[in-house]
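Next come the chains, spelled out residue by residue.
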Amino acid sequence: MSMSDLEQVMAQDHQALDAFVKGDPEPKERLYSKGDDATLANPLGPAARGWNQVAQAMERAASQLREGEAVAFERISQFATADLAYIVEIERTRAKIGGSDDMAPVSLRVTTVFRREDDGWKVVHRHADPITTPRPIESLLQS
């Protein structure tokens, strides 16, 4: 398996986001590691660990989105070895969120870690949060 295989999986991950914001988590799920060490930290809940928790978290998030589209991916950084790789990006999407009938823009700061497994490159970790602009230190305080 070559590095171009990794680039192909990264492109598939971007395409899967387009389906995800339409409410379909299945393309993202196909790209994810089924290992007990797979993790997902999305902006809607605590970190999930292990394939079952990760799948439940993805399905819960996708169920709150519809009619969306992936708009842009701004690559901030990337690095790869023969068996492990990561990308840091800003993902920009639009979707109808929750019960709203209005399209809303969503920008997320995302780190995705890929690992080479027996059946190819898989996502082993994803962290996404809405912090895409500077914030004051007080934003860390919990009310």
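Heads up: the structure comes first, above all this text.
Please read all numbers here as calculations on a predicted model, not as lab measurements.

**Q** Give a description of the packing of aromatic side chains that names residues and reports values.
**A** Any pair of aromatic rings gets described here by the distance separating the centres and the angle formed by the planes. Following the criterion strictly, the structure yields two aromatic pairs and no others. Taking the centre distance of 6.4 Å and the plane angle of 35° together, the rings of Tyr32 and Trp51 count as tilted. With Tyr32 in the loop between α2 (26-31) and β1 (39-41) and Trp51 in helix α3 (residues 51-62), this residue pair connects regions lying 19 residues apart in the sequence. Just as Tyr32 is buried, Trp51 falls in that class too.

**Q** Requested: an account of the sheet that holds β1, with residues and values cited.
**A** Pairing in this open sheet of six strands is mixed, and the strands run β2-β1-β6-β5-β4-β3 from one edge to the other. Single-partner strands in this sheet number two, and they are β2 (48-49) and β3 (65-80). As paired strands, β3 and strand β4 (residues 84-97) are joined by 12 bridges and run antiparallel to one another. Within β4, the residue paired with Glu74 across the bridge is Ile90.

**Q** I'd like a rundown of the pairing of strand β6 (residues 120-129), residues and numbers included.
**A** Across the 10 residues that make up β6, a large majority, eight, are buried. Taken together, the three bridges between β1 and β6 define a ladder with parallel strand orientation. From the neighbouring strand, Ala41 faces β6, where its bridge partner is His127. Between strand β5 (residues 103-117) and the antiparallel strand that follows it, β6, lie two residues.

The rules we used
- Residues numbered from 1 in each chain as written.
- Predicted model: local features only at pLDDT ≥ 70, side-chain atom pairs only at ≥ 80, totals over all residues.
- Heavy atoms only, no water.
- Phe/Tyr/Trp six-rings, centres within 6.5 Å; stacked < 30°, edge-to-face > 60°.
- Helix = DSSP H or I, 4+ residues; strand = E, 2+ residues; numbered from the N terminus.
- Buried < 20%, exposed > 50% of the residue type's maximum accessible area, 1.4 Å probe, protein only.
- Pairing = 2+ DSSP bridges.

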